[in-house]
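Inside the fold
What follows is the residue order along each chain.
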Amino acid sequence: MLSQKGMVIWMTGLSGSGKTTIAVALEKLLAEKGLLTQILDGDNIRSGINNNLGFSDEDRKENIRRIAEVSKLFVNCGVVALNCFVSPTKAIRQQAKEILGNDMLEVFVNTPFEECEKRDVKGLYAKARSGEIKNFTGIDDPYQAPVNPEIHLHSDKQTLTQEVDAILAELRERGIIKSK
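All figures in this text were calculated on a predicted structure; none of them were measured in a lab.

As a further point, take the overall build of the protein. Each helix and strand counted, the protein has 7 helices and 5 strands in total. In the protein, the order of α-helices and β-strands from amino to carboxyl end is β-α-β-α-α-β-α-β-α-α-β-α. Relative to its length of 180 residues, the protein is compact, with a C-alpha radius of gyration of 16 Å against a globular reference of 16 Å. Across its three principal axes, the protein shows a C-alpha extent of roughly 50 × 35 × 25 Å. Counting over 180 residues, the protein shows a buried share of 44%. Restricting the contact set of the protein to residue pairs at least 6 apart, pairs at least 24 apart contribute 75%. Accessible surface, the protein: about 9100 Å² in total, of which carbon and sulfur atoms supply 51%. If the 24 positive side-chain charges of the protein are averaged to one point and the 25 negative ones to another, these points end up 3 Å apart.

What follows deals with the pairing of strand S4 (residues 104–110). Counting buried positions over the 7 residues of S4 gives 6, a clear majority of the element. Sheet topology note: the strand S1 (residues 7–12)/S4 ladder contains 5 bridges and is parallel. For isoleucine 9, the partnering residue across the bridge sits in S4 and is leucine 105. As paired strands, S4 and strand S5 (residues 151–154) are joined by 4 bridges and run parallel to one another. Residue pairing for S5: valine 107 is matched across the bridge by isoleucine 151.

With parallel pairing, 5 strands are arranged side by side in an open sheet as S2-S3-S1-S4-S5. At either margin of the open sheet sits one strand with a lone partner, and together these are strand S2 (37–41) and S5. On average, each strand axis in the sheet is inclined to that of its neighbour by 20°, with strand direction left out of account. With 5 bridges joining them, S1 and strand S3 (residues 80–84) adopt parallel strand pairing. Of the residues in S3, the one forming a bridge with valine 8 is alanine 81. Along the sheet, helix H1 (residues 19–32) makes contact with S1, S2, S3, S4 and S5, crossing S3 at roughly 165°.

By the element assignment, serine 155 lies in the loop between S5 and helix H7 (160–173). A polar contact is formed between the side chain of serine 155 and the side chain of threonine 111, at a distance of 2.4 Å. A polar atom in the side chain of serine 155 sits 3.5 Å from the side chain of arginine 119.

Another point: the pattern of salt bridges. The final tally for this structure, using the stated rule, is 11 salt bridges. With a shortest N-O distance of 4.0 Å, arginine 174 and glutamate 150 are connected by a salt bridge. Of the two residues, arginine 174 sits in the segment after H7 while glutamate 150 sits in the loop between helix H6 (124–130) and S5, which places them 24 residues apart along the sequence. Accessibility expressed as a relative area gives 37% for glutamate 150, which makes it partly exposed. Sharing partners across several salt bridges, the network here consists of Glu62, Arg65 and Arg66.

The rules behind each value
Each chain has its residues counted from 1, following the order in which its sequence is written. Confidence filtering applies because this is a predicted model: local features only for residues at pLDDT of at least 70, side-chain atom pairs given and counted only at 80 or more, and all residues used for totals across whole chains, interfaces and linings. Side-chain measures were taken over the full set of non-hydrogen atoms in the model, leaving aside hydrogen atoms and water. Per the convention used, a helix needs a DSSP run of H or I reaching at least four residues, while a strand needs a run of E reaching at least two, with both numbered from the N terminus. In this setup the radius of gyration rests on C-alpha atoms only. A globule is expected at 2.2 Å times the number of residues raised to 0.38. Only protein chains enter the calculation, and the probe is 1.4 Å; a residue is then buried if its accessible area is under 20% of its type maximum, exposed if over 50%, and partly exposed in between. A contact between two residues is defined here by any heavy atoms of the two lying within 4.5 Å. Using the Shrake-Rupley algorithm and a 1.4 Å probe, accessible areas are obtained, with residue cover drawn only from the displayed protein chains. His is not counted here, nor are the chain ends, while Lys and Arg score as positive and Asp and Glu score as negative. A charge is said to be at NZ when it belongs to Lys, at CZ for Arg, at CG for Asp and at CD for Glu. Each pair of strands is called paired provided DSSP finds at least two bridges between the two strands. Every angle, taken between N-to-C directions, lies between 0 and 180 degrees, and every axis is a line fitted to C-alpha atoms, over only the stretch in contact when it is a helix. Think of a polar contact as two N or O atoms within 3.5 Å of one another; within protein, one of them needs to be a possible hydrogen donor and the other a possible acceptor, and neighboring residues in sequence only count if both atoms come from side chains. Salt bridges are defined by distance alone: a side-chain nitrogen of Lys or Arg within 4 Å of a carboxyl oxygen of Asp or Glu.

Just distances and angles here, no functional claims.
This is the structure we're talking about:
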């Protein structure tokens, strides 16, 4: 019915790296091309389907497993899911890849820690430093950067337009976008 192929664009990077900002800009351009999308991020997932999960290693793993399974449902319906999750470990991202297979495009939004902390619009880094938030990636817990993401963005060196264009080019290459 949608006349489009589903896909998951999985953006990983530290909190404040720009994942959701990129997704919102990308969603607008994909809508202009007639593609139905759905943004999934920590705000809409952790307040609903995953509101019973914390940030322990086990909970993070279950969080990503559920997100990948929900994303698979979107793909099966032909929707392009724009996933914005820290996804801090290689093992967690591998788990998502095993569930989604070739329908997952991994995008590493590489932003220096200092820049992410400076952008901290929600005050999460400050809360983590004060001890209000435990197991916060970048403060208490490490972030394992992807080794071979399909797309590697550098938000401190690229404009938002350049970042979105890189993703659009890959979507054209994969046949998700049919025309320029």
